[in-house]
Amino acid sequence: MRGATSTRSSAPWKKSSRILTDRLSLPFEAGLAPPAGPAVVFDGTDVLLAPPFAADVLHVTGFRPAWDRIAAAGGRVALEAPAGAAAIAIVCLLRDREAARSRIAEALRALAPGGWLLLDGQKTDGVDTMIRTLRKLLPVAGVAAKAHGKIAWIEHPGALPPEIPAWAEAGRTRANADGLLTAPGMFSAARVDPGTQLLIEHLPADAKGRAADLGAGWGALGMALLARAPGLESCDLIEAEHAAAEAARANVTDPRARVHWADATAWTGGPYDLIVSNPPFHVSRAADPSLGQAFIAAAPRLLTPRGRLLLVANRQLPYERTLDAHFRKREILVADSRYKILAADQPRRG
């Protein structure tokens, strides 16, 4: 149904398209001098840099599984980088154009004048178009291709063109068409997507006890569940992208809601009487059912013995076998030409 939201290194997120590739060596092979000062890596989910590239590396990411993985490996990680201090800033290109431009602007802000921006990305994620755009604004010193992608290196010119601050502003959180806070790069930022809307229409009005939304995004599903079910005691919204979690915190004002910036598949809350989810099924352009399957596998340990899982998925995704492995009962509540709503009961333990 949607893009990536959460999980740990042992789960399918390790396939993320935001992995910094071995293209990193190409600028230095072409003559770029290794930086003498600190480096910042933006959205490189599985990479810890080592000398000669930089002895002092800060990883910037809002993706909680990457944060946990980098911290566990002994790396430094933060939500943002200090301004004007880095000798090199490495950006792993994001798929959303506005989000990618905002990240590039953030990287340029982190660089000292004369520092170097390295932009790494796959062709399928628009790296060629982004490099062409940057050539019109900044001194692109070189470009190299490898493994279906490219890396460009660009020297910070000192004074940035006005387009760069505009890119930063365009990437900030703002109200969408429904008056709810979202930002470029979040799943279905402009409005509630059709699959989530279908699930919203079939949420149980008589739900009671404790509920959770795994992969809550900016809060649309959790907000709808709380409005539909006045008998609920609480609803935990669990979201791995920090910006989306903060948007959900602002959007979902019901006092029964609790928003957690956390990895849904490693979450230890509960037990819950109801879990709802529009699980992610891709981190690149290719669908990967194992992502949604990881969400399904996490649900039984979070549910009470009589708890229920409700999820929506693209109709062709093969989730039924995974549900059968983790629940004793499951059914398709509704299906149309694009989506299906699956319900599962009696979670299996152990």
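Residues numbered from 1 in each chain as written. Predicted model: local features only at pLDDT ≥ 70, side-chain atom pairs only at ≥ 80, totals over all residues. Heavy atoms only, no water.

This part is about the overall build of the protein chain. A tally of helices and strands in the protein chain yields 10 helices and 16 strands. Put simply, the protein chain has 350 residues, and 55% of those count as buried. Long-range pairs, those at least 24 residues apart, make up 67% of the contacts in the protein chain between residues at least 6 apart in sequence. (Helix = DSSP H or I, 4+ residues; strand = E, 2+ residues; numbered from the N terminus. Buried < 20%, exposed > 50% of the residue type's maximum accessible area, 1.4 Å probe, protein only. Contact = heavy atoms within 4.5 Å.)

Moving on to the pattern of salt bridges. Within the structure shown, the criterion is met by 16 salt bridges. One salt bridge in this structure joins Asp128 and Lys150, with 2.8 Å as the shortest N-O distance. Of this pair, Asp128 sits in helix H4 (residues 127-135) while Lys150 sits in strand E7 (residues 149-155), and the two are 22 residues apart along the sequence. For Lys150, a relative accessible area of 22% translates into the label partly exposed. The closest approach of N and O atoms between Arg308 and Glu331, which form a salt bridge, is 3.3 Å. Taken together, the positions of Arg308 in strand E14 (residues 303-314) and Glu331 in strand E15 (residues 327-335) put the pair 23 residues apart, joining distant regions of the chain. (Salt bridge = Lys/Arg side-chain N within 4 Å of Asp/Glu carboxyl O.)

A word on the environment of Ala189. Along the chain, the position of Ala189 falls in the loop between strand E9 (181-182) and helix H6 (194-201). Look at Ala189 and you get buried, because its relative accessible area is 17%. Each C-alpha atom of the pair Ala189 and Ala244 lies 9.6 Å from the other, and the pair is 55 residues apart in sequence. Filtering out sequence-adjacent residues up to four positions away, Ala189 remains in contact with Asn176, Thr182, Ala183 and Trp218.

A few words on unusual backbone geometry. With omega at 5°, the peptide bond leading from Gly270 into Pro271 counts as cis. In this structure, Pro271 sits in the loop between strand E12 (257-261) and strand E13 (272-277). Positive phi, normally seen in glycine, also occurs at Ala147, with a value near 55°. Notably, His148 is not glycine yet its phi reads approximately 65°, a positive angle. As for its position among the elements, His148 is in the loop between strand E6 (140-146) and E7.

Right, let's get into the sheet that holds strand E10 (residues 209-214). A sheet is described by the order of its strands in space; here seven strands give the open sequence E12-E11-E10-E13-E14-E16-E15, paired in mixed fashion. On the outer flanks of this sheet lie E12 and E15, each paired with one strand and no other. This sheet shows a mean twist of 20° between the axes of neighbouring strands, independent of strand direction. Note: E10 against strand E11 (residues 232-239), six bridges, orientation parallel. Its bridge partner being in E11, Arg210 is matched across the sheet by Ser234. The sheet contacts of helix H7 (residues 220-228) involve E10, E11, E12 and E13, and relative to E11 the element is tilted by about 175°. (Pairing = 2+ DSSP bridges. Axes fitted to C-alpha atoms, helices over the stretch in contact; angles between N-to-C directions.)

Okay, the side chain of Ser234 next. The topology assignment puts Ser234 in strand E11. On the basis of relative accessibility, which here comes to 5%, the residue Ser234 falls in the buried class. Among the polar contacts made by the side chain of Ser234, one reaches the side chain of Arg258 at a distance of 3.5 Å. Among all residues touching Ser234, those that are not within four sequence positions of it are Gly209, Arg210, Ala211, Arg256 and Arg258. (Polar contact = N/O pair within 3.5 Å; in protein donor to acceptor, adjacent residues only side chain to side chain.)

So, on to the packing of helix H3 (residues 97-110) against H4. Where H3 contacts H4, the two axes come as close as 12 Å, and the packing angle between them is 50°. Overall, the two elements H3 and H4 adopt an arrangement that is oblique. The two elements H3 and H4 meet at a crossing, and its hand is right-handed. Note on element contacts: H4 touches H3 through Met130, Thr133 and Leu134, opposite Arg97, Ala100, Arg101 and Ile104. Class assignment for the residues of the contact of H3 with H4 results in four nonpolar, one polar and two charged. (Parallel < 35°, antiparallel > 145°, perpendicular 65-115°, else oblique. Left-handed = near helix turned anticlockwise from the far one by under 90°. Nonpolar A, V, L, I, M, F, W, Y, C, P; charged D, E, K, R; others polar.)

Within helix H8 (residues 242-251), burial applies to Ala244, Ala245, Ala247, Ala248 and Asn251. Along H8, the residues classed as buried sweep out an arc of 160° about the axis, all on the same side. Turning to H8, the residues buried within the fold contact E9, H7, E11 and E12. (Arc of directions from axis to C-beta.)

Counting residues in hydrophobic clusters, the biggest one holds 32 residues, and the most contacted among them are Phe42, Ile104, Leu117, Leu119 and Leu134. Contributions of two or more residues to this core are made by strand E1 (39-42), strand E2 (57-60), strand E4 (86-92), H3, strand E5 (111-122), H4, E7 and helix H5 (163-170). It is H3 that provides the largest number of residues to this core, a total of seven residues. Setting aside chain neighbours within four positions, we find Leu134 in contact with Ile104, Leu119, Val140, Ile154 and Trp167. Membership of the second largest hydrophobic core comes to 31 residues, among which are Ala216, Leu226, Leu237 and Ala245. (Core = buried A, V, L, I, M, F, W, Y, C linked by side-chain atoms within 4.5 Å.)

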